[in-house]
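Structural characterization, general
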Amino acid sequence: MALALALGLLAADPVGAAETPAASVPTPPPLPPERPETLKPPVAEPAPPTPPARPPELKPAVAEPAKEPVKDPGREKASESAKEGSKESAKEASKPEIPTPPPAPPERPPELSGGAALALKVSPPDDTACRTRLKRLGVDFEPLAPIAEGQCTAPLPLKVTKFADGVALPQGATLTCRAAEALARWVTEVQVEAERTLKHPLTALELGGSYVCRGQNHDIDAKLSEHAFANAADIMGFAFAGRASISVKAMPDGSEEAQFLGAVRTKACGFFRTVLGPGSNAAHANHLHVDQRERNAGHRLCE
């Protein structure tokens, strides 16, 4: 009855029914934008499965506690004695050692003491091979007695009188074999240059000296010259067949004489360790000095 009455009221008042809003169903909010891939948290990998428990029969046996050794009174006393001994040894080791003096050097042989040491002489080098080469180069020479004039010495000097092809040494030359060989080899080059530049054969070398017991540049206060050891020669000039001799001195530029002297002087630098001549200094203005002086690292002086 009440229901029917209510329905009748609604039907009778259509305006009121229209003004009353119908109950609305709530709308869900919009979904947020999807998160970029770079900002997504890494997906955690599933944890590995736990390994199965080890069977009891495979577990390691538990070590039993060590039993205390039975004390032996005699052994304990021996151990204590050993400890005391080690302490004493440690004390001895800590003490500074007394240095032992080095053994005395052997006594110097009596033959090398006093006057005997001053009289000791060194055997001269064997120049047999050098003399053989001189003969093959066509050099005429003869051995001389050893020279011992104070500090001026030459144990095995030679007197050279002629070179190959009859090139003479009118004054002769007293030289060591080594210096004589260098001079002989250089003379062969001088012969070639004489034929090439002057068109006349070489016949002789004019020497101003070979062995002389003196100081360098004739200075008595200077060190000994290589002349004092028969290790040097001074060439004053060259003689030729069919033309005038050429003296060693400054020659006019461009002349045959200047060309010849310049060429043979340059070639001498390949055979001797020292070559000095006109222009080097005043003492060598009129001759060509050549010697075999030894210098450090094989240095040569060619001026």
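Residues numbered from 1 in each chain as written. Predicted model: local features only at pLDDT ≥ 70, side-chain atom pairs only at ≥ 80, totals over all residues. Heavy atoms only, no water.

An unreviewed UniProt entry lists the protein chain under the name Extensin family protein, with Methylobacterium oryzae CBMB20 as the source organism.

**Details of the side chain of His-284**
Considering the arrangement of structural elements, one finds His-284 in the loop between β9 (274-276) and β10 (288-291). Judged by its relative accessible area of 6%, His-284 falls in the buried class. (Helix = DSSP H or I, 4+ residues; strand = E, 2+ residues; numbered from the N terminus. Buried < 20%, exposed > 50% of the residue type's maximum accessible area, 1.4 Å probe, protein only.)

**Considerations on unusual backbone geometry**
A positive phi angle is found at Lys-199, which is not glycine, with a value near 60 degrees. Its place among the elements puts Lys-199 in the loop between α6 (177-198) and β6 (202-209).

**Focus: the pattern of salt bridges**
Applying the stated criterion across every chain, the model contains 10 salt bridges. Close ionic contact of Lys-267 with Glu-189 constitutes a salt bridge, the shortest N to O distance being 3.6 Å. Within this pair, whereas Lys-267 is found in helix α7 (residues 256-268), its partner Glu-189 is found in helix α6, the two being separated by 78 residues in sequence. On the basis of relative accessible area, Lys-267 is assigned to the partly exposed category, the value being 28%. Looking at Glu-189, the relative accessible area reads 28%, which means it is partly exposed. Look at the salt bridges and you will find they share partners, linking Arg-133, Glu-181 and Arg-185 into a network. (Salt bridge = Lys/Arg side-chain N within 4 Å of Asp/Glu carboxyl O.)

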